[in-house]
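Survey of secondary and tertiary structure
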Amino acid sequence: MSKTFCRALAKKRVMSNDGMLIGSIKNIVVDLNTGQVIDLIVKPDETFKTDGYRTDGDKMLVPFEAVKDIKDYVVVDRYLLKR
């Protein structure tokens, strides 16, 4: 995957690789020692059921290793989210 600026991720919509809309990015979690993105903090869409996924209050934590592509949407592997 090519490099992407943080500001390019702001408010992008997150979609699974099987076409399900997950939500919108609200923030990111970064390891300050390495600069590596650890998690995306996503506000889930009303139609997406968060049962079985990592959540923090009303937000969902998406591990960055689940991200497959970043273009118009951030595409993630939905099955890697359930770690």
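Quick summary incoming for the structure in this document.

Here is what the cut-offs are and how they apply
- Residues numbered from 1 in each chain as written.
- Predicted model: local features only at pLDDT ≥ 70, side-chain atom pairs only at ≥ 80, totals over all residues.
- Heavy atoms only, no water.
- Helix = DSSP H or I, 4+ residues; strand = E, 2+ residues; numbered from the N terminus.
- Polar contact = N/O pair within 3.5 Å; in protein donor to acceptor, adjacent residues only side chain to side chain.
- Contact = heavy atoms within 4.5 Å.
- Phe/Tyr/Trp six-rings, centres within 6.5 Å; stacked < 30°, edge-to-face > 60°.
- Buried < 20%, exposed > 50% of the residue type's maximum accessible area, 1.4 Å probe, protein only.
- Core = buried A, V, L, I, M, F, W, Y, C linked by side-chain atoms within 4.5 Å.
- Pairing = 2+ DSSP bridges.

Once that is clear, we can look at the side chain of Arg78. Along the chain, Arg78 falls in the segment after β7 (73-76). A polar side-chain atom of Arg78 sits 3.5 Å from a polar atom in the side chain of Tyr79. Not counting residues up to four positions away in its chain, the partners in contact with Arg78 are Ser16, Asn17, Asp18, Met20, Phe48 and Tyr53.

What follows covers the packing of aromatic side chains. Within a pair of aromatic rings, the relevant descriptors are the distance that separates the centres and the angle that separates the planes. According to the stated counting rule, one finds one aromatic pair in the structure shown. When the centroid spacing of 5.2 Å and the interplanar angle of 45 degrees are considered together, the rings of Phe48 and Tyr53 count as tilted. A relative accessible area of 7% places Phe48 in the buried class.

Even without being glycine, Lys11 reaches a positive phi, approximately 65 degrees. Its place among the elements puts Lys11 in the loop between α1 (6-9) and β1 (13-16). You can call Lys11 exposed: its relative accessible area is 68%.

Another point: the nonpolar core. Membership of the largest hydrophobic core comes to 18 residues, with the highest contact counts inside it found for Ile22, Leu40, Val74, Val76 and Leu81. Sorting the residues of this core by element identifies β2 (21-30), β3 (37-44), β5 (59-63), β6 (67-70) and β7 as the ones contributing at least two each. What Leu40 contacts, discounting residues up to four positions off in sequence, is Leu9, Ile25, Asn27, Ile28, Met60, Leu61, Val62, Phe64, Val67 and Val74.

Right, let's get into the sheet that holds strand β4 (residues 55-56). On the basis of which strands lie adjacent, the open sheet formed by seven strands has the order β4-β5-β3-β2-β1-β7-β6 and mixed pairing. Each having just a single partner strand, β4 and β6 make up the two edges of the open sheet. Sheet topology places β4 next to β5; two bridges connect them, and they run antiparallel. When the bridges of β5 are listed, Asp56 appears paired with Lys59.

Moving on: the environment of Gly19. By secondary structure assignment, the location of Gly19 is in the loop between β1 and β2. In this structure, the C-alpha to C-alpha distance between Gly19 and Gly57, residues 38 residues apart in sequence, is 25 Å.

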